[in-house]
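# Coordinate inspection notes
Here is how the chains run, residue by residue.
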Amino acid sequence: MKKWIRLVIIAAAAVLLLWVNQSFLKWSPQTIKDWILSLGAAGPIVYILLYTVRPLVLFPASLLSLAGGLAFGPVQGLIYTVTGASGGAMLAYMLAKKFGKSFIPSSDRIETVKKLMEKNGFTYVLILRLLPIVNFDLISYTAGIASIRWYSFLAATILGIIPGTFAYNFLGSSITEDKTVLIIAVMVFAVIAIIPVLFKEKLKQRLFQEGKNEVKKDA
């Protein structure tokens, strides 16, 4: 009973924070950047903490990544964003680990992803991080209920999010630069964004077929 009460409180808090943001704050990357920089030396710490709790408040990761690039530049922004995103992934992983299957809805899709992770956790988490086949947070929650060690999950997450994170941070940092830098940033972003799209459907079919086969073996 206590478990369900905690879940309801977490869900209610997430919905409330999302509603407040959409209705009143209407944050943009520039707004977040200005607010973070106004915090001075505490700015990077607050940014990392924001990214860490992001899975609980349903805040768009892309918005924070662009703001990170704007505020800290492509290199520091990459470091801070990867740190925060990895922390958020671990938070979601641990919550699912603690609360079990009751924490996320049951579906054939989730069961398929779970079986893939249990087959080869590091490899499949890395692939799913590199290619946006499955929602970022859903991967973290599913990994928590799968038999995958936390350090394999964390290592695959860090490696898998670097390309996309760099693209967003570089794009964000170039917004205030001259047109040449902005054009280069857009091209880099486009290349990194397009490559997954080209292979997404084919790889998606292959992976989910493998997952379904694993589910059938255990049936």
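This is a predicted model, so every value here is computed, not measured. Within each chain, residue numbers correspond to sequence positions counted from 1 in written order. Where local features are concerned, this predicted model is filtered to residues with pLDDT of at least 70; where side-chain atom pairs are given and counted, the filter is 80 or more; whole-chain, interface and lining totals use all residues. Heavy atoms throughout the structure, all of them, feed into the side-chain values; hydrogens and water do not.

### Comments concerning the pattern of salt bridges
Pairing is possible between side chains that carry opposite charge, provided their charged atoms lie close to one another. Note the cut-off: By convention in these notes, a salt bridge is any Lys or Arg side-chain nitrogen within 4 Å of a carboxyl oxygen on Asp or Glu. Helix and strand assignments follow DSSP, with helices taken as H or I runs no shorter than four residues and strands as E runs no shorter than two, numbered in order from the N terminus. Burial classification: accessible surface area is computed with a 1.4 Å probe over protein chains only, and a residue below 20% of its type maximum counts as buried, one above 50% as exposed, and the rest as partly exposed.
Following the criterion strictly, the structure yields two salt bridges and no others. Across the pair D137 and R54 runs a salt bridge whose closest N-O atoms are separated by 2.7 Å. You can see D137 sitting in helix α7 (residues 136-145) and its partner R54 sitting in helix α3 (residues 43-57), a full 83 residues away along the chain. Linking K114 and E118 is a salt bridge whose minimum nitrogen-to-oxygen distance equals 2.9 Å. With K114 and E118 both in helix α5 (residues 108-119) and four residues apart, this pair spans about one turn of that helix. Here K114 falls in the buried class, since its relative accessible area comes to 7%.

### Details of the UniProt feature "transmembrane region" (unreviewed entry) in the chain
Rule in force here: UniProt positions are given in the numbering used here, feature names are shortened, and annotations may be inferred rather than shown by experiment.
As recorded in UniProt, the feature "transmembrane region" (unreviewed entry) lies at residues 35-51, 122-144, 150-168 and 180-199. With 100% helix and 0% strand, residues 150-168 has end C-alpha atoms that lie 26 Å from one another.

### Some points on the environment of S140
Note the following rule: Should any heavy atoms of two residues lie within 4.5 Å, those residues are considered in contact. Counting of polar contacts relies on pairs of N or O atoms within 3.5 Å, with two restrictions inside protein: one atom must be capable of donating a hydrogen and the other of accepting it, and residues adjacent in sequence are counted only when both atoms are side-chain atoms.
Checked against the element boundaries, S140 lands in helix α7. Once you skip the residues sitting within four places of it in the chain, S140 turns out to touch A89, A92, Y93, R129 and F153. Within polar-contact distance, the side chain of S140 engages the side chain of R129 at 2.8 Å.

### What about the packing of aromatic side chains?
Put simply, the rule is: Two rings from Phe, Tyr or Trp (for Trp, the six-membered ring) form a pair when their centres sit within 6.5 Å of each other. Planes less than 30 degrees apart are called stacked, planes more than 60 degrees apart edge-to-face, and all others tilted.
Counting across every chain of the model gives six aromatic pairs. A centroid spacing of 5.9 Å and a plane angle of 75 degrees characterise the contact between Y47 and Y51, whose relative ring orientation is edge-to-face. Residue Y47 and its partner Y51 are both found in helix α3; the two are separated by four residues, about one turn of the helix. Take Y47 and Y51: they sit in the same class, and that class is buried. Taking the centre distance of 5.5 Å and the plane angle of 65 degrees together, the rings of Y47 and F72 count as edge-to-face. Placement of Y47 in helix α3 and of F72 in helix α4 (residues 61-99) is noted, with a sequence separation of 25 residues between them. Residue classification places F72 among the buried positions, given a relative accessible area of 13%. An aromatic cluster is built from Y47, Y51, F72 and Y80, whose rings are joined through pairwise contacts.

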